[in-house]
2 protein chains.
Amino acid sequence: MKIVMFQFSPAFGQVNENLETIGEALADQRADLIILPELCTTGYQFKDRAELAALAEPANGPAMKELSEIAAACHGHLVAGFAEESGSKCYNSAAFIGPAGTIGVYRKIHLFADEKRLFEPGNLGFKVFLAGQVKIGIMICFDWLFPESARSLTIAGAHIIAHTANLVLPYCQTAMITRALENHVFTATCNRIGVEERIAGQTLHFTGASRLVDPDGKILAEGSTDKTHVIVAEIDPGLATDKQITSENNILEDRQPDQYNLS
Amino acid sequence: MKIVMFQFSPAFGQVNENLETIGEALADQRADLIILPELCTTGYQFKDRAELAALAEPANGPAMKELSEIAAACHGHLVAGFAEESGSKCYNSAAFIGPAGTIGVYRKIHLFADEKRLFEPGNLGFKVFLAGQVKIGIMICFDWLFPESARSLTIAGAHIIAHTANLVLPYCQTAMITRALENHVFTATCNRIGVEERIAGQTLHFTGASRLVDPDGKILAEGSTDKTHVIVAEIDPGLATDKQITSENNILEDRQPDQYNLS
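Keep in mind the model is a prediction, meaning the values are calculated, not measured. (Residues numbered from 1 in each chain as written. Chains lettered and ligands numbered in written order. Predicted model: local features only at pLDDT ≥ 70, side-chain atom pairs only at ≥ 80, totals over all residues. Heavy atoms only, no water.)

Asker: Would you mind showing me how to read the state of the cysteines here?
Answerer: Joining two cysteines, a disulfide is a covalent bond between their sulfur atoms. The full count for this structure, using the stated rule, is 0 disulfides over all chains. A:Cys40 forms no disulfide, and the closest cysteine sulfur to it belongs to A:Cys190, at a distance of 8.3 Å. (Disulfide = S-S within 2.5 Å.)

Asker: Teacher, can you tell me more about the sheet that holds strand E3 (residues 77–86) of chain A here?
Answerer: Two strands in a sheet stick together by hydrogen bonds in their backbones, pointing the same way (parallel) or opposite ways (antiparallel). All names here are of chain A. With mixed pairing, the 6 strands of this open sheet are ordered in space as E5-E4-E3-E2-E1-E14. The two strands at the open ends of the sheet, each matched to only one other strand, are strand E5 (101–107) and strand E14 (229–234). Each strand axis lies, on average, 30° off the axis of its neighbour in the sheet, ignoring direction. Pairing between strand E1 (residues 2–7) and E14: 6 bridges, direction antiparallel. In the sheet register, Val 4 faces E14, and the bridge partner there is Val 232. On top of the sheet, helix H1 (residues 15–26) reaches E1, strand E2 (33–35) and E14; it is set at about 140° to E1, its chief contact. (Pairing = 2+ DSSP bridges. Helix = DSSP H or I, 4+ residues; strand = E, 2+ residues; numbered from the N terminus. Axes fitted to C-alpha atoms, helices over the stretch in contact; angles between N-to-C directions. Contact = heavy atoms within 4.5 Å.)

Asker: What should I look at first to understand the packing of aromatic side chains in this one?
Answerer: Aromatic ring pairs are described here by two measures, namely the spacing of the ring centres and the angle between the planes. All told, the structure shown has 18 aromatic pairs over all chains when counted by the stated rule. Considering the side-chain rings of A:Phe142 and A:Phe146, the 5.4 Å spacing of their centres and the 80° angle between planes classify their relative orientation as edge-to-face. Side by side, A:Phe142 and A:Phe146 carry an identical accessibility label, which is buried. Plain terms: the ring middles of B:Phe112 and B:Phe142 are 5.0 Å apart, the flat faces sit at 55° to each other, and that makes the pair tilted. Remark: B:Phe142 occurs in the loop between strand E7 (134–140) and helix H5 (147–155) and B:Phe112 occurs in the loop between strand E5 (101–107) and helix H4 (115–118); sequence separation between them is 30 residues. For B:Phe142, a relative accessible area of 5% gives the class buried. (Phe/Tyr/Trp six-rings, centres within 6.5 Å; stacked < 30°, edge-to-face > 60°. Buried < 20%, exposed > 50% of the residue type's maximum accessible area, 1.4 Å probe, protein only.)

Asker: In this structure, what is going on with the interface of chain B and chain A? I would like to understand it.
Answerer: A common measure of how large an interface is: the accessible area buried when the components associate. Tallying the contact residues gives 42 residues for chain B and 42 residues for chain A. Between chain B and chain A lies a buried interface of about 3,800 Å² when both sides are counted; carbon and sulfur atoms form 59% of it. Contact with chain A buries surface across chain B, with B:Glu148, B:Gln259 and B:Leu262 losing the most and accounting together for 16% of the total. Summed over the shared surface of chain B and chain A, the result is 8 salt bridges. (Buried area = accessible area lost by both parts, 1.4 Å probe. Salt bridge = Lys/Arg side-chain N within 4 Å of Asp/Glu carboxyl O.)

So far we have only geometry, and geometry alone does not tell us how the molecule works.
Next comes the structure, spelled out in structure tokens:
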């Protein structure tokens with residue numbers, strides 16, 4: 001299975017330009033699964049809800065339709081972060097897109113900082129989507145800090161956690177090794193690069209360093225902290241099916257929920 | 001608050017010798033909390049249940065009483081891994097010991113590999129113990145791989161996770177940075193060093209590298225992979241009380257249990 005992540009710097013508010021950048025980067029690629037950063041069509045730093053509402057679009061809106069054409073040209077599926085309009089509400093979402101259009105949506109459950117005054121919190125839980133036989137779980141950026149996110153996706157059967165991100169803190173990339181190990185899944189963090197300074201005194205530096213980690217915690221591919229990259233890796237998703245890590249230990253069967261205190 | 005961890009290589013089956021080693025290492029120390037490795041009085045690799053039963057002792061047995069004298073001399077509390085006899089059963093336990101004796105016990109919930117044929121799985125959940133005003137959570141070795149362990153202790157109020165270990169795999173020490181960050185707690189992994197080769201073909205190399213990590217993921221103190229050390233650090237446990245990591249984000253309040261899939 002071929003995974004392609006495109007790490008780049010989306011231009012704020014320039015949806016058509018961003019789609020063009022994505023299309024050019026992925027031209028002539030074949031991929032089973034493409035992963036793009038969080039809010040990759042619009043950029044990140046909305047000044048207010050009105051600006052967000054003007055740029056948000058439904059899960060089957062025109063930008064997602066363009067991305068489905070890119071998925072079709074690559075002969076695969078695609079995960080893309082976008083600002084989702086749903087009735088009068090907006091979510092920080094990721095679409096799971098096939099050649100014929102958007103198949104489903106994940107809405108970010110753990111909103112970071114100012115996102116709380118812009119977006120509604122996700123209300124669709126952690127579910128998996130099928131790319132052929134392979135189960136794809138999606139989480140977005142700050143979800144990484146909550147081990148419940150990757151754990152929920154693993155229990156739902158995910159082989160690969162597609163982690164679309166606009167990270168500004170330096171901790172996540174190393175932590176994803178732990179997320180992969182503790183769940184024995186592949187994790188694919190596609191993070192953006194670049195700077196946004198649309199609000200005075202709130203300059204955001206995005207940290208790049210997108211990385212694909214295997215179920216044993218090995219980094220299979222990674223990007224730099226500041227350059228545009230198409231990151232490509234071949235994986236065997238079946239490695240994430242077997243949760244037996246010693247002859248006596250199974251990562252899911254060894255859980256002891258009646259001994260936990262998680263309420 | 002002064003934390004002391006003693007990383008050493010317990011001699012298998014030599015309980016008195018091990019207590020003497022511990023007593024000498026901690027002589028003239030003052031400490032609020034002392035942490036010793038897993039199974040630190042007996043060693044790790046029991047050949048069978050009979051050998052374990054012969055070396056196990058109750059939570060208020062003679063070895064634990066000697067450790068309480070060491071705690072008294074240091075003017076603090078002590079966490080020590082030991083083989084616990086309870087009726088006809090044995091647990092891989094850690095005692096929380098005060099100057100007057102054992103205050104309580106944690107029994108390892110996630111047993112690793114051959115431990116499953118020797119010990120009963122822990123049945124006391126994840127609870128915290130008081131060292132003055134400071135709440136101490138205890139977990140043992142392989143518990144680290146299950147994020148539910150440190151999370152349960154954090155929800156129970158732990159400021160410090162005393163992690164007593166006999167690690168043989170190389171992943172945990174880095175992962176503890178993630179455990180500290182995701183829970184905004186101090187983690188203190190006291191791991192043993194040395195080699196045990198009591199069963200043909202099953203040589204165990206313990207990985208040392210004990211480390212104390214603060215709630216922001218910073219390593220405050222650490223040991224080497226192969227030397228005996230008394231590791232000392234001063235901490236402010238109050239830093240683990242505040243779970244607010246941005247003005248909008250609180251690590252515990254931001255959890256969304258109704259969106260998780262953890263059954």
